[in-house]
Amino acid sequence: MRRCPFLERTKFIFLMKIKLLYTIFIAIATLSFSSLQAQSAGKKREVGIQLDGIDFGGFNNFSGFYKKQLSENKYRRIRFFSGNLFTSFGEDEDFRVNFAVGAAIGREKRRALDTRLEFFSGPEFSFGLGFQSIGDNSSFSLSPSFGYVLGLQHSFNERWAINIETIPSIGVGVVLLPGDNDLVTLNARASNSVALGVVRKF
């Protein structure tokens, strides 16, 4: 079977990007969790998974998050998210790759509405990285943004809770294309997308 140099190069670039993102994820997670040793026993922490824009007939964006209490009713939040990730061969045997991942960090302030329900809000900075390749054409996209989190969290007990949130945001999009064809866009979006999450508290 004939080997395609472009296909091999695209696979190599894709694998290197995945390895880089994995390394960054491990480094951030290690720094975050290593700080737990210095926390007092009274500090609360949470981890969880969210589904964004739930669609029973298609692909759902998802994210994982970690939160730790800084002081009374104040938390730092770290979130890792994925928009899409797939590879395929088209009818013309072109290798196609498309993925988008990112990370966000912010703070949230909480206010109790009753004994089990809390309202939380706060600023969040995020950065997304995307890669797309179809045949001989490939591009990278960078998307830093600033948003403001608005959400509700209902606790079932001391260990488990669910939350729902939305993040209106404004961001800059940069698309890196071969040659001198780079694109820069500024976009503001009052998102109506709602994320539903499951929370484990400890």
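Since the model is a prediction, treat every value here as computed from it, not as a measurement.

Caption draft 1: Up close: the overall build of the protein. Secondary structure assignment for the protein yields one helix and ten strands. Helices and strands in the protein line up, N terminus first, as α-β-β-β-β-β-β-β-β-β-β. Across the 202 residues that make up the protein, the buried fraction comes to 32%. In the protein, the share of contacts with a sequence separation of at least 24, taken over all contacts with a separation of at least 6, comes to 55%.

Caption draft 2: Structural view of the pattern of salt bridges. Scanning the model with the defined rule gives eight salt bridges in all. Taking the shortest distance from any N to any O, the salt bridge between Lys-67 and Glu-108 comes out at 3.2 Å. Taken together, the residues Lys-67 in strand β2 (residues 61–71) and Glu-108 in strand β4 (residues 95–112) connect sequence positions 41 residues apart. We note that Lys-67, like Glu-108, is buried. Residue Glu-108 is joined to Arg-77 by a salt bridge in which the shortest nitrogen-to-oxygen separation is 2.9 Å. Here the residue Glu-108 occupies a position in strand β4, and Arg-77 occupies one in strand β3 (residues 74–89), the gap between them amounting to 31 residues. Accessibility classification places Glu-108 together with Arg-77 in one group, the buried group. Via salt bridges that share partners, Glu-46, Lys-67, Arg-77, Arg-79, Glu-108, Arg-110, Glu-118, Glu-124 and Glu-165 belong to a single interconnected network.

Caption draft 3: Highlighting the confidence of the model for the protein. For the protein, per-residue confidence averages 77 on the pLDDT scale, and 61% of positions sit at 70 or higher. Mean pLDDT in the protein bottoms out at helix α1 (residues 5–34), which sits at 58, and peaks at strand β7 (residues 160–166), which reaches 95. Every residue in residues 36–40 is under pLDDT 50, and counting partners more than four places away or in other chains gives five contacts.

Caption draft 4: Broad picture of the packing of aromatic side chains. As enumerated under the stated definition, the model contains two aromatic pairs in all. Ring geometry for Phe-125 against Phe-146: centres 5.0 Å apart, planes inclined by 50 degrees, an arrangement best described as tilted. Within this pair, whereas Phe-125 is found in strand β5 (residues 117–134), its partner Phe-146 is found in strand β6 (residues 137–155), the two being separated by 21 residues in sequence. For the pair Phe-131 and Phe-140, a centre-to-centre distance of 4.7 Å together with 45 degrees between the ring planes defines the contact as tilted. Its relative accessible area of 22% is what places Phe-140 among the partly exposed residues. Above the face of the Phe-120 ring, Lys-67 is positioned so that its terminal group lies 4.6 Å from the ring centre.

Caption draft 5: Structural context of a nonpolar patch on the surface. On the surface, Leu-113, Leu-152, Ile-164, Val-194 and Leu-196 cluster together to form a nonpolar patch covering roughly 380 Å² of accessible area. When you line up the elements, Val-194 lands in the loop between β9 (183–189) and β10 (195–201).

Caption draft 6: Quick look at the environment of Arg-96. One can find Arg-96 in strand β4. Distance in space between the C-alpha atoms of Arg-96 and Ser-138 is 9.4 Å, their sequence separation being 42 residues.

Caption draft 7: Representation of the pairing of β10 in the model. Burial of β10 is one-sided: the residues Ala-195, Gly-197, Val-199 and Lys-201 facing one way are buried, the residues Leu-196, Val-198 and Arg-200 facing the other way are not. Two strands pair when backbone bridges link them, and β7 and β10 are joined in this way by six bridges, in the antiparallel orientation. Note on β10: the bridge partner recorded for Ile-164 is Leu-196.

Caption draft 8: Spatial organisation of the environment of Gly-106. By the secondary structure assignment, Gly-106 is in strand β4. Gly-106 gets classed as buried once you look at its relative accessible area, which sits at 11%. Once the C-alpha coordinates of Gly-106 and Pro-123 are considered, the two residues, 17 residues apart in sequence, prove to be 5.6 Å apart. Not counting residues within four places of it along the chain, the set of residues in contact with Gly-106 comprises Tyr-75, Arg-76, Arg-77, Pro-123 and Glu-124.

Reading the values: the criteria
- Counting restarts for each chain: residues are numbered from 1 in the order of the written sequence.
- Totals for whole chains, interfaces and linings use every residue, but because this is a predicted model, local features are given only for residues with pLDDT of at least 70 and side-chain atom pairs only at 80 or more, for both listing and counting.
- Water and hydrogen atoms play no part in the side-chain values, which are based on all heavy atoms of the structure.
- By definition, any uninterrupted DSSP run of H or I lasting at least four residues is a helix, any uninterrupted run of E lasting at least two residues is a strand, and each is numbered from the N terminus.
- Think of it in three bands: with a 1.4 Å probe and only protein chains considered, a residue is buried below 20% of the maximum accessible area for its type, exposed above 50%, and partly exposed in between.
- Residue contacts follow a heavy-atom distance rule, with two residues in contact if any of their heavy atoms lie within 4.5 Å.
- By definition here, a salt bridge exists when the distance from a side-chain nitrogen of Lys or Arg to a carboxyl oxygen of Asp or Glu is within 4 Å.
- Every residue carries a pLDDT, the predictor's confidence in it, which falls somewhere between 0 and 100.
- Aromatic pairs are defined between Phe, Tyr and Trp rings, using the six-membered ring for Trp, whenever the two ring centres lie within 6.5 Å; interplanar angles under 30 degrees are classed as stacked, those over 60 as edge-to-face, and all others as tilted.
- A ring has a charge above it when a Lys NZ or an Arg CZ is no more than 6 Å from the ring centre and no more than 35 degrees off the ring normal.
- Excluding any residue in a salt bridge, patches collect residues exceeding 30% relative accessible area, merging like charges within 9 Å and nonpolar Val, Leu, Ile, Met, Phe, Trp and Tyr side chains within 5 Å.
- Reported accessibility uses the Shrake-Rupley method at a 1.4 Å probe radius. Residues are deemed covered only where the shown protein chains occlude them.
- What makes two strands pair is DSSP finding at least two bridges between them.

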